Amino acid sequence: MHDDLAQCSLDGEYALGQHRGMMNADRPVVAEGSTVCSVVEALIRSRRTVRAFRPTPVPKSEVAEILDVARCAPSNSNTQPWSVHVLAGEPKRLLSEALSLSHERNELPPSRHFPDDLPAACVSRQADFGARYYAALGIDRNDAAARNRQSGRNLCFFDAPVGLIFTIDSRLTKHSWADCGMFLQTLMIAAKARGLDTCPQVSFVRYESLISEFLHLPPTQSVVCGMSLGYADADAVVNDLGMPREPVENFSVFWGFEDAGG
């Protein structure tokens, strides 16, 4: 896949501006033909959540380039509400150790990622994910201890060389949180364009107090999520869950296209 993407990029004369320094907020990229569409679609469709990484380091300069692309994400009135803390080496190890210890002690209340009355369709998809995930790991769904240990793997960023913590001003509303979501997706696609994989992780929210202390966050900053960043372990079964997506007709309603001849 990476070779195919590189060839598409070359054929399109770097239509996506993947070469260093071109893709930034001040110089819009203009491309003609179908190559740009093919490359963007290939990147988006090939992105997957990775939970097993190789130890290969990722240079700071490459992470900075990815963030330079991600900052082009849209936001309401250009408010750009996101903040990012990028950890590697000793700082990442120390934070992971502190979080893992807290996880083992179970000393913090669980965070509520979903409401109690989660819609039935979401319940079904969540159950399907759980079945695929634990089957890939060889963990019985009824083995609470094994599931808890695997959950704790989130806190070491699944051994990825880079960990990111995203924060937002807690005074902002859900609309600004949507902006953060667009920023995260843009970052993940920019990473994929460079052959890097990611795992966005809401698990870190439970440990916001510890993270805030470690990163010296001001009291107005809330943790949105964390993210693992690095090179996927191609041999890990857990990286190929084949998660399904609903077809377009299941979540879209089109209005007026018949009248317009569409």
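Structure shown above.
Just so we're clear, the structure is a prediction, and the values are computed from it rather than from any experiment.

Observations regarding the nonpolar core
Thinking step 1. Grouped together as the largest cluster of nonpolar side chains are 24 residues, with contacts concentrated most on Leu164, Phe166, Phe183, Leu187, Leu196, Met227 and Leu229.
Thinking step 2. Those elements giving two or more residues to this core turn out to be helix H3 (60-70), strand S2 (162-169), helix H7 (174-193) and strand S4 (221-230).
Thinking step 3. If you look at the next biggest cluster of nonpolar residues, it comprises 14 residues, including Val50, Phe53, Ala146 and Ala160.

Side note on helix H6 (residues 144-152)
Thinking step 1. Along H6, the positions that sit buried rather than exposed are Ala146, Gln150 and Gly152. Across the axial projection of H6, the buried residues extend over an arc of 155°, all falling on one side.
Thinking step 2. Where H6 is buried, its residues touch helix H4 (89-105) and helix H5 (120-137).

Comments concerning the sheet that holds strand S1 (residues 82-87)
Thinking step 1. Spatially, four strands are ordered S1-S2-S4-S3 in an open sheet, and the strand pairing comes out antiparallel. Since the sheet does not close on itself, it has two edges, and those belong to S1 and strand S3 (197-201), each with one partner. In this sheet, adjacent strand axes meet at a mean angle of 25° when their direction is disregarded.
Thinking step 2. When S3 meets S4, the two strands line up antiparallel, connected through five bridges. Note that in S4 the partner of Pro200 across the bridge is Met227.

Section: the packing of helix H2 (residues 35-46) against H7
Thinking step 1. Between H2 and H7, the least distance of the axes is 9 Å, while the angle of their chain directions is 105°. The angle between the axes of H2 and H7 places the two elements in the roughly perpendicular class. Two secondary-structure elements touch here, H2 through Leu43, Ile44 and Ser46 and H7 through Ile189, Lys192 and Ala193.
Thinking step 2. For the contact of H2 with H7, the class distribution of residues is four nonpolar, one polar and one charged.

Regarding a nonpolar patch on the surface
Thinking step 1. Taken together, Val248, Phe251, Phe254 and Phe257 make up a surface patch of nonpolar side chains, about 450 Å² in accessible area.
Thinking step 2. Along the chain, the position of Phe251 falls in helix H9 (residues 248-251).
Thinking step 3. Since its relative accessible area comes to 58%, Phe251 is described here as exposed.

A closer look at the packing of aromatic side chains
Two aromatic rings, taken as a pair, are described by how far apart their centres are and by the angle between their planes.
Thinking step 1. All told, the structure shown has six aromatic pairs when counted by the stated rule.
Thinking step 2. Consider the rings of Phe166 and Phe183, whose centres lie 6.2 Å apart with planes at 75°: the pair is edge-to-face. Within this pair, whereas Phe166 is found in strand S2, its partner Phe183 is found in helix H7, the two being separated by 17 residues in sequence. Each of the two residues, Phe166 as well as Phe183, counts as buried.
Thinking step 3. With a centroid separation of 5.5 Å and an interplanar angle of 75°, the aromatic rings of Phe254 and Phe257 are classed as edge-to-face.
Thinking step 4. Judged by relative accessible area, Phe254 falls into the exposed class, the value being 54%.
Thinking step 5. Taken together, the ring pairs in this structure connect Trp82, Phe166 and Phe183 into an aromatic cluster.
Thinking step 6. Sitting over the face of the ring of Tyr133, Arg51 holds its NZ or CZ atom 4.9 Å from the ring centroid.

Topic: the pattern of salt bridges
Where charged atoms from two side chains of opposite charge approach closely, those side chains can pair.
Thinking step 1. One pass over the full model with this rule turns up ten salt bridges.
Thinking step 2. Here Arg93 and Glu97 are joined by a salt bridge, their closest N and O atoms 2.4 Å apart. On the criterion of helical spacing, the pair formed by Arg93 and Glu97 is a turn pair, its members being four residues apart in helix H4.
Thinking step 3. Because the salt bridges share partners, they merge into one network encompassing Glu90, Arg93 and Glu97.

Description of unusual backbone geometry
Thinking step 1. Even without glycine at this site, Asn106 takes up a positive phi of about 50°.
Thinking step 2. Within the element layout of this structure, Asn106 appears in the loop between H4 and H5.
Thinking step 3. For Asn106, a relative accessible area of 52% puts it in the exposed group.

Considering the environment of Val238
Thinking step 1. Mapping Val238 onto the fold places it in the loop between S4 and H9.
Thinking step 2. For Val238, a relative accessible area of 7% gives the class buried.
Thinking step 3. Expressed as a C-alpha distance, the spacing of Val238 and Arg51, which sit 187 residues apart in the sequence, is 6.7 Å.
Thinking step 4. If sequence neighbours within four positions are ignored, Val238 has contacts with Arg51, Ala52, Tyr133, Ala136 and Leu137.

Cut-offs used in this document
Residues numbered from 1 in each chain as written. Predicted model: local features only at pLDDT ≥ 70, side-chain atom pairs only at ≥ 80, totals over all residues. Heavy atoms only, no water. Core = buried A, V, L, I, M, F, W, Y, C linked by side-chain atoms within 4.5 Å. Buried < 20%, exposed > 50% of the residue type's maximum accessible area, 1.4 Å probe, protein only. Helix = DSSP H or I, 4+ residues; strand = E, 2+ residues; numbered from the N terminus. Arc of directions from axis to C-beta. Contact = heavy atoms within 4.5 Å. Pairing = 2+ DSSP bridges. Axes fitted to C-alpha atoms, helices over the stretch in contact; angles between N-to-C directions. Parallel < 35°, antiparallel > 145°, perpendicular 65-115°, else oblique. Nonpolar A, V, L, I, M, F, W, Y, C, P; charged D, E, K, R; others polar. Patch = residues over 30% accessible without salt bridge, like charges linked within 9 Å, V, L, I, M, F, W, Y side chains within 5 Å. Areas by Shrake-Rupley, 256 points an atom, 1.4 Å probe, with all protein chains shown as cover. Salt bridge = Lys/Arg side-chain N within 4 Å of Asp/Glu carboxyl O. Phe/Tyr/Trp six-rings, centres within 6.5 Å; stacked < 30°, edge-to-face > 60°. Lys NZ or Arg CZ within 6 Å of the ring centre and 35° of its normal.

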